[in-house]
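Okay, here's what each chain looks like letter by letter:
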Amino acid sequence: MVTISYITAHEALDSRGNPTLQATVALSDGTKASAIVPSGASTGKREALELRDGGNRYGGKGVLDACENVRMTIHDALVHKSPFEQGMIDSILLSLDGTENLERLGANAALGVSMAVARAAASSQKIPLYRYLGGVNALTLPVPMLNIINGGSHADNTVDFQEYMIMPLGFENFREALRASAEVYQALKKKLHALGHITSIGDEGGFAPNLANNKEPIEVILDAIEAAGYKAGTEIAIALDVASSELVSEGGYKLSSENRTLSSDEMISYYAKLVEDYPIVSIEDGLGEDDWEGWKRLTQKLGNKIQLVGDDLFVTNAKILQQGIAQNIANAILIKPNQIGTLSQTLEAVALAKRAGYRCVMSHRSGESEDTFIADLAVALNTGEIKTGSTARSERIAKYNRLLEIERELERGRYLGAQLFV
Ligand code: PGA
Ligand code: ZN
């Protein structure tokens, strides 16, 4: 019987140059696998705890304590256990910690191990990770949401909304969808350049120009779609992540670039107008994580027109999602494994969302690495959508390249494209 022979962890660097945890699991059959945990900047306040050392090293962001927790407590509890029982592995991690938000061991310690165990198990069985996690039904290449203009806390520019994304809907397969997106990205660079804007990029590889207000990025992107030879709306649609919990100020939502503060209802009207004027199919975190009353009205107003995604709102937490479902809040959930801390809890959130008819968007974090786990996870769970940055920066591209590879491997792979919203 194959068992876990040891587990260890070390510090690695993420895409912002901050330390993060890399866990390694070795099995008795000689298999070895690692996983690197990502890290957010605009984190939801109900996310599981990311354990940081404090002190002087790395400006307090070191993760040596979390690594130590892996090497001692977690190693001792999981050594000689079966790597093929992910549910058992994850419940041991949760009970070892004993707190609701993994405050003792750290969600970074737990998730690193949880992912590395799954990867080692897949590798030991000599099957791809998506097949191991999803079985024979892992077939759907996700529609990407590519964040091509970055604002908010992911860039030092004037734009308040965090992410302006394109969604390639009118394509037969993932590779053509990705090609079109990459072409739009290049056309956007030219466009911004011609308009005299800077074309330096933000944390997720999107451009970070100083534009006059929060609508202008949409206008420029629409021009770029056209310049690249595609039809805005039918072929390539727009998605936004407002990350509005970050905008909350003095009881409203502060739009610094427009020099005004809006109430929840004013934000809702603002979105209703945007949706009327532009081919927007999805808005994430349109209202703040504590504004559940506003969310109810937002969902009533726009929930049957577009996708409304809860990120900071639900933090990949099945319990919180359950409350949202009960109150008819949002109609989709962003899935970020490190918000909740183990793979099994991530699967639980996806399963609950699907039962309730909520869509799922697999997601990276703004601080990422070369680890491509979420690409396999998106295919395994048939989420149908993935958000993993623009077509720049290798930590983003790594996920797209992994999806291209999966598409080549899958004989009956499917890309939903526009059917996603049918
Ligand atoms: P984060 O941003 O990883 O900084 O939280 C991503 C998002 O808000 O979706
Ligand atoms: Zn978000």
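Above this note sits the structure.
Residues numbered from 1 in each chain as written. Chains lettered and ligands numbered in written order. Predicted model: local features only at pLDDT ≥ 70, side-chain atom pairs only at ≥ 80, totals over all residues. Heavy atoms only, no water.

A. Quick look at the coordination of the zinc ion (ligand 2). Around the zinc ion (ligand 2), the protein contributes the donor atoms D241 (OD), E284 (OE) and D311 (OD), at 2.0 to 2.2 Å from the metal centre. Mapping the donors of the zinc ion (ligand 2) onto the primary sequence gives the spacing D-x42-E-x26-D. Residue E284 is found in strand β11 (residues 280-284), and its partner D311 is found in the loop between β12 (307-310) and α9 (318-326); the two are separated by 27 residues along the sequence. You'll find E284 and D311 in the same group, each marked buried. (Donors = N, O, S within 2.8 Å, 3.2 Å for Na, K, Ca; no water. Helix = DSSP H or I, 4+ residues; strand = E, 2+ residues; numbered from the N terminus. Buried < 20%, exposed > 50% of the residue type's maximum accessible area, 1.4 Å probe, protein only.)

B. Examining helix α7 (residues 264-277) more closely. For α7, which comprises 14 residues, the first-to-last C-alpha distance of 20 Å matches the rise-based estimate of 20 Å (1.5 Å per residue) to within 8%. Along α7, the residues classified as buried are S264, M267, I268, Y270, Y271, A272, L274 and V275. Tucked inside the fold, the buried residues of α7 contact α6 (216-227), β7 (236-241), β9 (252-255), β10 (260-262), β11 and α8 (292-302). (Expected span 1.5 Å × (residues − 1). Contact = heavy atoms within 4.5 Å.)

C. Layout of the site of ligand 1. In the region of ligand 1, 15 residues are neighbours, and A41, H154, R365, S366 and K387 sit closest. Take S42: an N or O atom from its main chain is 2.9 Å from an oxygen atom of ligand 1. With respect to ligand 1, the side chain of S366 contributes an N or O atom lying 2.6 Å from an oxygen atom. Protein burial of ligand 1: of its 280 Å² of free accessible surface, 100% is covered by the chains. (Near = heavy atom within 4 Å. Polar contact = N/O pair within 3.5 Å; in protein donor to acceptor, adjacent residues only side chain to side chain. Areas by Shrake-Rupley, 256 points an atom, 1.4 Å probe, with all protein chains shown as cover.)

D. Main features of the side chain of E163. Its location among the elements puts E163 in strand β6 (residues 163-168). Discounting residues that sit within four places of it in the chain, E163 has contacts with N147, I149, H154, E204, A239, L240, D241 and K387.

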